[in-house]
Amino acid sequence: MNSFYKKRTTHTPGHLILVLTIFTMLSHFPNLRADTPVEGIEEGKSRIRQLCQLAYEQRLTSPHDGMSHANTALELAEAQDDSLLITLATRMVGVLSDYTDQDSIARVMLQKAYQFYQRRQVTEEQAHTGFELARVYADFQDFAGAVRLMNNNCSIVDTLSDAAFSGDFHNYLGLNLWKLGRFGEAEYQYQIALESYHKVLQPKDFAYTYNNLGVLYFNWNRYNYALDYYQKSLTHFSEAQKDASVALVLGNIGATYYRIGLDSLARAFLGKALEQSRACGSIPSEMNAYDWLGSLELSSENYTLSRQYFEKVKSYYQSLKDYSGVARTEVKLGELHAIHSQFATAGVHFQAALQNAQRVSDDFEITRSSYQIGHNYLFQNDFELAHHHLSKALTLAQSRGFPDFQAQIFRDLSLLATHKNQGTEAYRYLKLARAIGDSISSASLQNKISELEVRYELMSKDKEILILQEEQRIKNLEYEQTMMRNRIYLLSAFLLVLIMAGLILSYRKQQLAAQTIAKLNRELEQALEGRNQLFRILGHDLRGPLGSVRGLLRMMANEEIEERERSTVLESLSQSADSVYVLLDNLLDWARMQTGKVKPAPEVIEMQNLLSDVHHLSASSLNQKNIVLSQQVEPGCQVYGDRQMIFTLFRNLVSNAIKFTPPGGHVSIASATDPVKSMTVIEVKDDGIGIPGEFVQNVFNPSHNKHRRGTGGEPSTGLGLMLVKEYIDQNNGQIMVESRVNEGTVFRVTLPGAPSKR
């Protein structure tokens, strides 16, 4: 994903950021007071100012020549012993050092100039120099330092009359906030930048800022907003313009369509990005398009083409000596080989990724490549090397604050401990992974709910537009009928046949319009029914546990609960919170299914490990009702499907069995493999209250099923079983139900077995 902000092409870690391209904010760079009249000023000082002005003018075309002029100006200023001119030349040396990739020198020189202006309270020059210094901080990946520096100068910038510089300042501040994951603050800064640009009306400034907003929303997982801003960005570029900026925006649109699962549109826009890149000779934007096309072809299982694209991108990064970019691409090539169980070749790529990341001390890529190496050794059953690299990756992930990697590493360490028969250690790692996953999920929960609300609003608006269009069509038909009746009175009998034919045609149009309206009404009723079902669940099943939580907390706050009852109340609060969490989890999964964009990512799954995870997560519910869960799963039992979907469906089946089994009951999980049909059958059985015969056939349809409470008064929405059926269908499986009242229920799940290795 590409943002505009920099004076030259740079590269930053992370699979979402491939190339950061030239940003034209420097077109509003201050003139460094070099145009100060020189009448009456001694020749030496005039010469210093002229050299600074010349150095500044050469910063883009001949930065090394500009550096030579800046150094000469500094020597002359020091000879003159004029503090203002020394600071001006020092600042100019810092700016040109930034343009010639001498970031360490740039930071030292610009800090000297900034501190001088700050002490002397030369506020305008302080703001401009602080802006230049913030860019250097970003070169060192110190985005927090850049934000602090720019925040210290915001009040000064907002008092200046230079609207263009104000727009650039807030635009770049927004980009650094985005890099820190502070999306809301970044959005606010971009909006301020747009307000400033409205005063100068430069189309490219709007285009760059709209693109940056699109990148922000892309990383915020708000893809509808991202697409809107990318389109706005394109409209502000000239239609005849053939440059890298347009190519990068087209690539961003293609990447967004890829993320939301619209592969045909993604391929079309990435193809346009390639054409535009070649037309303007922009290799960076061309490689960016190839990188996303490689990911697209990988997800479409076009492995040969995907490998070709990634190899092309890797060669480009190698030519630039961009070792972070090489590391990212090596990881992708390693993952591609791992898909084909070519673990030795995959390991070579992961090792190459680690070496390249270490060359530039890229902590993110070092962590990712170390994790991939350990993960690869785990699948080769080399547990000692797997533990070594996973532990190294965990240390980095914890010290640098990469929670996603921590969760993945803990899951692998849990699997590794399981292979070593270290059950307690495996469970500890699994709990740590779950805790980190829960913290990540809770942080993004509000975003997901907001996205869900936006989708429903868009759906409603689309339906309203269609209805209005049909109403207009009906009005047009009525107008045609009126005109036709007027013609009947004016035309002679000779035209009667033609008039009758016109009436018949009109009648057919009315029938077609009525059929169209009826179809739209049915679709609208279905959409409203889905929305009403969602609101019923939210209104009924959330109100109960949340009401309990509120009441119990109020009693505790008023000290109405005695100390001996406190543990019971806390346990009740925990149960209510668990109910709300499970319901929201299922509700979000259901909402994702409704979008039609959820695609399974099948892999070979060891069912003993997966069902053990389900057992661990159900331990609290089992203990509360004193229910025994036994597991008779064959060693080596495997299925082929999406791990998260398979885990969720068995978690819901076991939870359902516990819910409708009385205290002291028994729940069992058993497996059987049919090698002839290459299928695996797994049964979840309980000795609970069973399901009446008239409800069995609608057990997976919550709108037709009677929602009974569990044996412990647990609420039941039917949403969990509906998700089970959806996930079974998504993974090419089948499910059957057998039940007798007061004798128990059996859910029999049939899933594809592990495919034979090629």
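What counts, and where the lines are drawn
Residues numbered from 1 in each chain as written. Predicted model: local features only at pLDDT ≥ 70, side-chain atom pairs only at ≥ 80, totals over all residues. Heavy atoms only, no water. Helix = DSSP H or I, 4+ residues; strand = E, 2+ residues; numbered from the N terminus. Buried < 20%, exposed > 50% of the residue type's maximum accessible area, 1.4 Å probe, protein only. Contact = heavy atoms within 4.5 Å. Axes fitted to C-alpha atoms, helices over the stretch in contact; angles between N-to-C directions. Parallel < 35°, antiparallel > 145°, perpendicular 65-115°, else oblique. Left-handed = near helix turned anticlockwise from the far one by under 90°. Nonpolar A, V, L, I, M, F, W, Y, C, P; charged D, E, K, R; others polar. Pairing = 2+ DSSP bridges. pLDDT = per-residue confidence, 0-100. Core = buried A, V, L, I, M, F, W, Y, C linked by side-chain atoms within 4.5 Å.

K.L.:
Account for the overall build of the protein, naming residues and giving values.
P.N.:
Per the secondary structure count, the protein includes 28 helices and 9 strands. The buried share of the protein, taken over its 758 residues, is 49%. Across the protein, the fraction of contacts at a sequence separation of at least 24, relative to all contacts at a separation of at least 6, is 63%.

K.L.:
Give a detailed account of the packing of helix 17 (residues 363-379) against helix 18 (residues 383-400), specifying residues and quantitative values.
P.N.:
Running from N to C, helix 17 and helix 18 point in directions that differ by 155 degrees, and their axes come no closer than 8 Å. Overall, the two elements helix 17 and helix 18 adopt an arrangement that is roughly antiparallel. Note on packing geometry: the crossing formed by helix 17 with helix 18 is left-handed. Of the residues in helix 18, those touching helix 17 at D363, I366, T367, S370, Y371, I373, G374, H375, Y377 and L378 are F383, L385, A386, H389, L390, K392, A393, L396, A397 and R400. Grouping the constituent residues of the contact of helix 17 with helix 18 by class yields 12 nonpolar, 5 polar and 3 charged.

K.L.:
So what's going on with the environment of L396? Residues and values would help.
P.N.:
Relative to the assigned elements, L396 resides in helix 18. By relative accessible area, which is 17% here, L396 ends up buried. Between the C-alpha atom of L396 and that of F364, which follows or precedes it by 32 residues, the distance is 8.5 Å. Sequence-distant contacts of L396, that is, excluding residues within four places in its chain, are made with I366 and T367.

K.L.:
Which residues make up the pairing of strand 7 (residues 679-686), and what values go with them?
P.N.:
Alternating residues of strand 7 divide into T680, I682, V684 and D686, all buried, and M679, V681, E683 and K685, none buried. As paired elements, strand 6 (residues 666-674) and strand 7 share 8 bridges and run antiparallel to each other. Across the sheet, residue S668 finds its bridge partner in strand 7, namely K685. As consecutive antiparallel partners, strand 6 and strand 7 are separated by 4 residues, and within that stretch S678 has a phi angle of approximately 55 degrees, a positive value. Pairing analysis gives 8 bridges linking strand 7 to strand 9 (residues 744-752), with the strands arranged antiparallel. Looking at the pairing, M679 lines up with P752 of strand 9.

K.L.:
I'd like a rundown of the confidence of the model for the protein, residues and numbers included.
P.N.:
Averaged over all residues, the pLDDT of the protein equals 78, while 75% of them reach at least 70. Note that residues 6-40 has pLDDT below 50 and, in this model, 117 contacts with residues that lie over four places away or in other chains. Note on residues 443-459: pLDDT under 50 across the span, and 19 contacts to partners over four residues away in sequence or across chains.

K.L.:
Which residues make up the sheet that holds strand 8 (residues 734-740), and what are the values?
P.N.:
Ordered by their spatial adjacency, 5 strands build an open sheet running 4-6-7-9-8, and the pairing between neighbours is mixed. Sheet topology places strand 4 (628-632) and strand 8 at the edges, where each strand pairs with a single neighbour. On average, adjacent strands in this sheet sit at an angle of 15 degrees to one another, irrespective of strand direction. Running over the sheet, helix 28 (residues 719-730) touches strand 8 and strand 9 and is turned about 145 degrees from strand 8.

K.L.:
Report on the environment of Q126, specifying residues and quantitative values.
P.N.:
Its place among the elements puts Q126 in helix 5 (residues 123-139). The spacing of Q126 and Q115 is 11 residues in sequence and 8.1 Å in space, taken between C-alpha atoms. Discounting chain neighbours no more than four positions away, the residues touching Q126 are Y114, Y117, Q118, N153 and I156.

K.L.:
Outline the packing of helix 16 (residues 343-359) against helix 17, supporting the account with residue identities and numerical values.
P.N.:
Axis separation between helix 16 and helix 17 bottoms out at 8 Å; the angle between their running directions is 160 degrees. Considering the angle they form, helix 16 stands roughly antiparallel to helix 17. In terms of crossing hand, the pair formed by helix 16 and helix 17 is left-handed. On helix 17, the residues that touch F343, A346, G347, F350, Q351, A353, L354, A357 and Q358 of helix 16 are E365, I366, S369, S370, Q372, I373, N376, Y377 and F379.

K.L.:
So what's going on with the side chain of N656? Which residues, and what values?
P.N.:
Note that N656 resides in helix 26 (residues 643-659). N656 sits in the buried class, given a relative accessible area of 14%. Residues in contact with N656, not counting those within four places in the same chain, are L721 and F747.

K.L.:
Can you lay out the nonpolar core for me, pointing to particular residues and giving the numbers?
P.N.:
Counting 89 residues, the largest nonpolar core has M92, L213 and L216 as its most contacted members. Per element, the largest residue contribution to this core is 9 residues, and it comes from helix 9 (residues 203-219). Counting residues in hydrophobic clusters, the runner-up holds 37 residues, among them L653, V684, L721 and I728.

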